[in-house]
Amino acid sequence: MWVNRTIVPMGRSGFPSPTQRWLQASSRAFASMQSTSTAARWSGRPLPTSAVIYEVGPRDGLQNEKQVVPVEVKIELIERLAASGISIIEAGSFVSPRWVPQMADSAPVFTGMKRENHILYPVLTPNLRGYQAATETGASTVAVFVSASESFSKKNINCTIAESMKRSREICQAAAKDNVRVRGYVSCILGCPYEGNVAVDKVVETAKELYDMGCYEISLGDTIGVGTPARTDQLLAEVLKAIPADNLAVHFHDTYGQALSNILTSLQWGIRVIDSSVAGLGGCPYAPGASGNVATEDVVYMLDGFGIKSGVDLNKLVQVGDFISKKLSRQNRSKVGVAILTKQQQQQQQQQQQQEQQQQQHRNQPSTTASKSTSASTTESGRAAAAAGVSSPSSATLGRICV
């Protein structure tokens, strides 16, 4: 954490005088502005110049949907996300259909989609059997998951933390032989729906064990979205003593509207990988009251605002969120997505109105020309009649004649 170390003499009372307090504030402000780009520093802490979006929509976003999402829709979602510039897309989960029916078709989705060479398509694997099924379909990156809460572990995956660690270790050992990368998830880092607060030491211990067994990256998940920037800051300060920032990711749900603030706090600690879900899809069936993941559109908008490069085309991404929201017949949870779509609709309506006005003017153009032609003809006739000594009828007379 950045600390202002400017030495300011104290007043006689031992406290800074108004002038001295102003000097302190000016010093802090000057230090915070010493950057060459918007992304260089925020609140005195340096920010990374780039970040990576780890898109979980096709898996974590869809797994809790009650209606069955067709294979072709899932494939189109993944391919649209890839076209928007996202470089890591979690494509599915090789779990028992009895536990997560929505993910029963992960194999045909994975084999049916177009896979780009520059994009990673991880899949979730809860055990060795799931790992084997995933690698048989061609998966080169898998993810394992462990909870920092004993109660949540039993509710979510029907086993203790120790048992889930054993399963993860078996996968890591097999993956090392197969040259497959393994990512580790730690859930309930800032709170559990059954136990309440989770001890920081337990989170650090769980994350470190996954890291030591070979996981290249540990994603820290606020499963029920209760975290605040202050608590996130305290947690990361301890986790980073055990695991480097380059090997960490964050996964925030937005239940209390704190996800973006927590992500910013994580960026200040140097963590560059952010889990998010297009259109804010998601939720956990074993975490009552938890809303969806933070929306990818909202994260990208914030990153763009800081000048942090993500490689994602926001306008294309917004269209992806609109697509999947309509397919699911549900409200788009991305505030940025809704705002941009509304603005685009207004612009389209204005363009349509302008086109209609132009068409109306075009339709009126011939009658104006004919009127001018008739007027010219009448004038010529009047002149000819005058030359012949015949008086031309007035407009009033012409009116009466027409009647």
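The structure under discussion appears in the preceding block.
Caption draft 1: Expanded view of the overall build of the protein chain. Looking only at helices and strands, the protein chain features 14 helices and eleven strands. For the protein chain, the residues scored as buried account for 45% of the 403 residues in total. Within the protein chain, contacts between residues at least 6 apart in sequence are counted, and of these 74% link residues at least 24 apart. For the protein chain, the exposed surface amounts to about 20800 Å²; the carbon and sulfur share of it is 52%.

Caption draft 2: The arrangement of the environment of Arg333 in detail. Take Arg333: it is sitting in the loop between helix 12 (314-328) and helix 13 (335-387). In the structure, Arg333 is positioned 36 residues away from Glu297 in sequence and 9.8 Å away in space, judged by C-alpha atoms.

Caption draft 3: Structural view of the state of the cysteines. Under the defined criterion, the tally for this structure stands at zero disulfides. No disulfide involves Cys172; its sulfur sits 4.0 Å from the nearest other cysteine sulfur, which is in Cys215.

Caption draft 4: Region of the structure containing the layout of surface pockets. Here the largest pocket defines a volume of roughly 1000 Å³. In terms of lining, the largest pocket is formed by 43 residues, of which the most central are Ser93, Val95, Val100, Leu124 and Phe145. Where the lining of the largest pocket is concerned, the elements lending two or more residues are helix 2 (57-61), helix 4 (106-112), helix 5 (128-136), strand 7 (141-147), helix 6 (150-157), strand 8 (181-187) and strand 9 (217-222). Class assignment of the residues belonging to the lining of the largest pocket gives a composition of 21 nonpolar, 16 polar and six charged.

Caption draft 5: Representation of the environment of Ala295 within the structure. Along the chain, Ala295 turns up in the loop between strand 11 (273-276) and helix 11 (296-306). Judged by its relative accessible area of 3%, Ala295 is buried. Residues Ala295 and Asn332, spaced 37 residues apart in sequence, show a C-alpha to C-alpha distance of 9.4 Å.

Caption draft 6: Broad picture of the nonpolar core. Counting 89 residues, the largest nonpolar core has Tyr121, Leu210, Ile218, Leu220, Leu267 and Ile324 as the members making the most contacts within it. The greatest single-element share of this core, amounting to seven residues, is contributed by helix 12. When neighbours within four sequence positions are excluded, Leu210 is seen to be in contact with Val144, Val146, Met165, Ser168, Gly184, Tyr185, Val186, Cys215 and Ile218. Counting eleven residues, the second-largest nonpolar core is a separate cluster that includes Val56, Ala143, Ile157 and Ala249.

Caption draft 7: Main features of the sheet that holds strand 5 (residues 92-93). As summarised here, the arrangement of the nine strands in space is 4-3-11-10-9-8-7-6-5, forming an open sheet in which the pairing is parallel. Each edge of the open sheet is held by one strand with a lone partner, namely strand 4 (88-89) and strand 5. With two bridges connecting them, strand 3 (residues 52-55) and strand 4 associate as parallel partners. From the neighbouring strand, Tyr54 faces strand 4, where its bridge partner is Ile88.

Caption draft 8: View of the pattern of salt bridges. This structure, assessed with the given rule, holds 14 salt bridges. For Asp212, the salt bridge is made with Lys208, and the minimal N-O distance between the two is 2.8 Å. Taken together, the positions of Asp212 and Lys208, both in helix 8 (residues 200-212) and four residues apart, correspond to about one turn of that helix. Residue Lys208 is classed as partly exposed on the basis of its relative accessible area of 28%. A single salt-bridge network, built from bridges that share partners, covers Arg59, Asp60 and Glu90.

Caption draft 9: Seen up close, the packing of aromatic side chains. Applying the stated criterion across every chain yields a total of zero aromatic pairs. Positioned over the ring face of Tyr216 is Arg181, at 3.9 Å from the centre of the ring. The ring of Tyr54 carries the charged tip of Arg183 above its face, separated from the ring centre by 3.5 Å.

Caption draft 10: Quick peek at empty space enclosed by the protein. Tallied over the full model, the rule gives two cavities of 30 Å³ or more. What the largest cavity holds in volume is close to 40 Å³. Pro58, Leu62, Lys74, Ile78, Ala91, Gln102, Met103, Asp105, Ser106 and Val109 together form the lining of the largest cavity. Of all elements in the fold, only helix 3 (71-83) and helix 4 reach the threshold of two or more residues within the lining of the largest cavity. Here the lining of the largest cavity is built from residues that sort into six nonpolar, two polar and two charged. Taken as a whole, the second largest cavity encloses approximately 30 Å³ of empty space. Forming the boundary of the second largest cavity are Pro126, Phe145, Ile157, Ser164, Arg167 and Ser168. Broken down by element, the residue count for the lining of the second largest cavity peaks at three residues, all from helix 7 (residues 161-178). Its residues assigned to classes, the lining of the second largest cavity shows three nonpolar, two polar and one charged.

The rules behind these values
- Residues numbered from 1 in each chain as written.
- Predicted model: local features only at pLDDT ≥ 70, side-chain atom pairs only at ≥ 80, totals over all residues.
- Heavy atoms only, no water.
- Helix = DSSP H or I, 4+ residues; strand = E, 2+ residues; numbered from the N terminus.
- Buried < 20%, exposed > 50% of the residue type's maximum accessible area, 1.4 Å probe, protein only.
- Contact = heavy atoms within 4.5 Å.
- Areas by Shrake-Rupley, 256 points an atom, 1.4 Å probe, with all protein chains shown as cover.
- Disulfide = S-S within 2.5 Å.
- 1 Å grid on protein atoms, 1.4 Å probe; cavity = no way out; pocket = protein on both sides within 12 Å on 5 of 7 lines; lining within 4 Å.
- Points joined across faces, edges and corners; volume = space filled by probe spheres on them.
- Nonpolar A, V, L, I, M, F, W, Y, C, P; charged D, E, K, R; others polar.
- Core = buried A, V, L, I, M, F, W, Y, C linked by side-chain atoms within 4.5 Å.
- Pairing = 2+ DSSP bridges.
- Salt bridge = Lys/Arg side-chain N within 4 Å of Asp/Glu carboxyl O.
- Phe/Tyr/Trp six-rings, centres within 6.5 Å; stacked < 30°, edge-to-face > 60°.
- Lys NZ or Arg CZ within 6 Å of the ring centre and 35° of its normal.

Fair warning: the whole summary comes from geometry, so function is off the table for now.
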